[in-house]
Amino acid sequence: MKKTQLGALLIASAVALSLVSVAPTATAATCAKKTTVTMLGTIKTEIQDQFLAAASSYNKSQSCYTLKSIPGDRNITFLQNVTPKYAAKDAPTIMYDLQFIPEMADKVMDLKGTKLAKLTTKELLSAGNVNGKQVGLPSTAEAFGLLYNKKVIKAAGIDVTKIKTRADLEAAFKKLQAQGKKSIHFSAIWWSLGAHFTNMFHTTAGKDREARLKVLDSLVDGKMDLSKNAAFKNWLATYDLLKKYNGSPANLTDTEYDASIAALASGNYGFMFQGNWTEPNLMTAAKGTDFGIINLPMSNDAKGYGNDSIPVGVPGYFMIDNEQSTKAERDGAIDFLTWLYTSPQGQRFVADPVTEGGMGFIPVYKGFKTEPATSMSRDIAKYVNAGKTLDWINSYYPGGLQEEVGKVSMQQYFTDKISSADLAKAIQDAWKGKAKTWRGEAA
Amino acid sequence: MRKARSLKKFMKFAALPLAIFTVVLVVPFVNGFYYTFTDWDGFKVDKFVGFSNYAESFADPKFWTTLRFTGLFVIVSLILVNVVAFGLALIVTSNLRSRNFLRTLFFVPNLVGGVVLGVIWQFIFNSAIVALANKYDWELFKQSWLQDTNKAFWALIIVTVWQSSGYMMIVYITGLVSIETDVLEASQIDGASPLRTLFAIKIPLMAQAFTIALFLTLRGGFMAYDVNVALTEGGPFRTTELISLHIFQDAFGEGNFGTGQSKAVIMFIVVALAALVQVTISKRYEVQR
């Protein structure tokens, strides 16, 4: 009884608030009452300070809302963080995630028709769309592939634009070895193997998205024999090549991430399989050396599908709670996100390089005045403008799959504990019976 | 009348702790038990599903391998922690001049939180030992112990022993100093060797301390979580996941809240039975004076 009264009171005050905001006033920034909008964590820890600076700048820019980031635990998954908050009736208003979007779909707002949704593309919105409901808004675009240390590559006389096939890549690896350098730092980090490296197979398994999703369908139905799949065989050959030329000992624990960045920055390695999110850390560690990104060839055919493209995707989507928040909180959440991506002030926080206090994001909304400033961002922008991008099929992976595959079979194959046939079977088993969220099935 | 008064007296002292116990332990436990019979997804309950969560848990091969691994971990850690702790207790109750200093030294690891401890030892196993091994050519340590299932198991054991021996040592010290000196003096006069004194007099007279220490290490072994998460993260290949971590991963990592919860209930029954058996057996050896 008491609860419903409180709820009614909240609704009443929300109605009152929205009435106030409708009332015509000369300055839009007058509010009856300041509303605190909570966000679970930040976008990611690497750029946490920059994000918090953006939030405090937003809080100063208007007097209606206060954006407050409530700390999450980055060692546990998004779902692990958010379920206790929902159970305690203390759900954050803004949430940011990729993997558990299907799980959250019925609890968050439909963002279709918001200003931001209109400013971006259907492609970028797609992984945040569940059954026609726009569950999330994209934050940025990220890419992964072969990162390289420009100084080392130049000294070895390698032209990265000429690397189109697996054989080309092996030749480049050999040139590096001839220079006394190590060819590649290939990390056994479970999420790198489980999400990004497996994506290299899934994204080249079909020439259009429907064909790629059909591969997922047949894996779920248990009808796929990976050992007979041409794309899978090619993927395995690339996997073996990287393993063969890997210059670093296998490290299966999380300390590997920092170690890999230090390795590429040190100038002892030519390449690394990672994503552009490491660029700020690389530049800090190497004190300014430029790093670039190229495709990872998946076949020996220079015209083979995907060999001239890199996987570009949205690493996470903003979601806004629709179950435990007030109308004012939801309005505030939308107001903040709109400010972040459309106001000149917010855009600088989004796109400025990390060294200048920004988050170094590649803009995914129209109307950005700020150009990407770093070398790797420019490389990615080039791929995007030329339409040479591959899907992040890993956005469709069911919750827990990248852990199961990445922490077990992929790391086992990496350390020669299982054969390629075992790996194929393990991946098939991991997919069998999972929910086809890409076909609208409930997670 | 008398009963009402004693109840009043009881409530005066126990009402608050009892209320807290109910709110933070009994209620969540009953609630969790209820969830095992539903399709709970972490957010809401739609319908009752009977025993299907339990059936699914038992059908999960991962659950069995984890249980076996946990069982092995409990047995080995139980033995080693208690042997080491008892040895330490003997050292610090001897006539050594540095015994007070040693007492503090042995207890200190217990004051470091499990997660911090795990991270420190992860660095030791992953980087420090490997670097030394490469320099001095120690074949056994050249590859990080955390990369290999069997060695990672021993790494877990080493850290657990290092962490909890100090605490169990205190329990054994209490047992050792509670033995009346007249009995010890009598045995000395009778010409018993120190070893004979230990096995024939000290150990039987302090059997109670063994009951407590064994119970604590048994429970600690089954419940181990923080060191597991921070040291091995369940790796390599998720082969060193202890039961608590497995339950956590099942529920929160993969979103299987129903089976995760029912595995936790099964776990509770296993631990309760194991502890009951252990305490019953140990009690038999206690000497009543």
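What counts as what
Residues numbered from 1 in each chain as written. Chains lettered and ligands numbered in written order. Predicted model: local features only at pLDDT ≥ 70, side-chain atom pairs only at ≥ 80, totals over all residues. Axes fitted to C-alpha atoms, helices over the stretch in contact; angles between N-to-C directions. Helix = DSSP H or I, 4+ residues; strand = E, 2+ residues; numbered from the N terminus. Parallel < 35°, antiparallel > 145°, perpendicular 65-115°, else oblique. Contact = placed C-beta atoms within 7 Å. Nonpolar A, V, L, I, M, F, W, Y, C, P; charged D, E, K, R; others polar. Buried ≥ 20, exposed ≤ 12 C-beta atoms within 10 Å, placed from the backbone. Core = buried A, V, L, I, M, F, W, Y, C linked by C-beta atoms within 7 Å. Domains from an automatic or database assignment. Expected span 1.5 Å × (residues − 1). Arc of directions from axis to C-beta.

## A word on the packing of helix 2 (residues 48-61) of chain A against helix 15 (residues 344-351) of chain A
All names here are of chain A.
Inference 1: Between helix 2 and helix 15, whose axes approach to 10 Å, the crossing angle comes to 175°. On the basis of the axis angle, helix 2 is roughly antiparallel to helix 15. Here Gln50, Ala53, Ala54, Ser57 and Ser61 of helix 2 come into contact with helix 15, specifically with Gln345, Gly346 and Phe349.
Inference 2: Broken down by class, the residue content of the contact of helix 2 with helix 15 amounts to three nonpolar, five polar and no charged.

## A look at helix 3 (residues 78-87) of chain A
Inference 1: By the burial criterion, the buried members of helix 3 of chain A are Phe78, Leu79, Asn81, Val82 and Thr83 of chain A.
Inference 2: Buried residues belonging to helix 3 of chain A abut strand 1 (35-40), strand 3 (94-97) and helix 4 (101-104) of chain A together with helix 11 (243-253) of chain B.
Inference 3: Once helix 3 of chain A ends, the next one or two residues include Lys89 of chain A, with phi positive near 55°.

## Considering the nonpolar core
Soluble globular proteins tend to bury their nonpolar side chains together.
Inference 1: The biggest cluster of nonpolar side chains holds 180 residues, and the ones touching the most others in it are Phe336 and Leu337 of chain A together with Ala85, Ala89 and Tyr172 of chain B.
Inference 2: Summarising the domain contributions, this core has at least three residues from each of domain 1 (2-138 + 315-363) and domain 2 (143-313 + 377-439) of chain A.
Inference 3: Contact partners of Phe336 of chain A, with chain neighbours within four places excluded, come to Val37, Tyr58, Tyr65 and Leu67 of chain A.

## Some thoughts on the interface of chain B and chain A
Inference 1: If you look at the interface, chain B gives 16 residues, while chain A gives 22 residues.
Inference 2: Listed by contribution, the elements that provide at least two residues to the side of chain B that touches chain A are helix 5 (114-136) and helix 11 of chain B.
Inference 3: Residue composition of the side of chain B that touches chain A, by class: five nonpolar, eight polar and three charged.

## What to know about the domain arrangement of chain A
Reports of interface size often rely on the accessible area that becomes lost once the parts have come together.
Residues and elements named next belong to chain A.
Inference 1: Looking at the assigned domains, one finds that chain A contains domain 1 (2-138 + 315-363) and domain 2 (143-313 + 377-439).
Inference 2: One C-alpha centre belongs to domain 1, the other to domain 2, and the line joining them spans 32 Å.
Inference 3: Counting residues at the interface gives twelve residues for domain 1, matched by ten residues for domain 2.
Inference 4: The residue makeup of the side of domain 1 that touches domain 2, split by class, is eight nonpolar, two polar and two charged.

## Points about helix 2 of chain A
Counting along an α-helix, one turn takes 3.6 residues, and residues three or four places apart therefore face a common direction.
All names here are of chain A.
Inference 1: The end-to-end C-alpha distance of helix 2 is 20 Å, a good match for the 20 Å that 14 residues give at a rise of 1.5 Å each.
Inference 2: By the burial criterion, the buried members of helix 2 are Gln50, Phe51, Ala54, Ala55 and Tyr58. End-on view of helix 2: buried residues confined to an arc of 140°, all on one side of the axis. Exposed and oriented more than 90 degrees from the buried face of helix 2 are Ser56 and Lys60.
Inference 3: Close packing links the buried residues of helix 2 with strand 2 (65-70), helix 14 (327-342) and helix 15.

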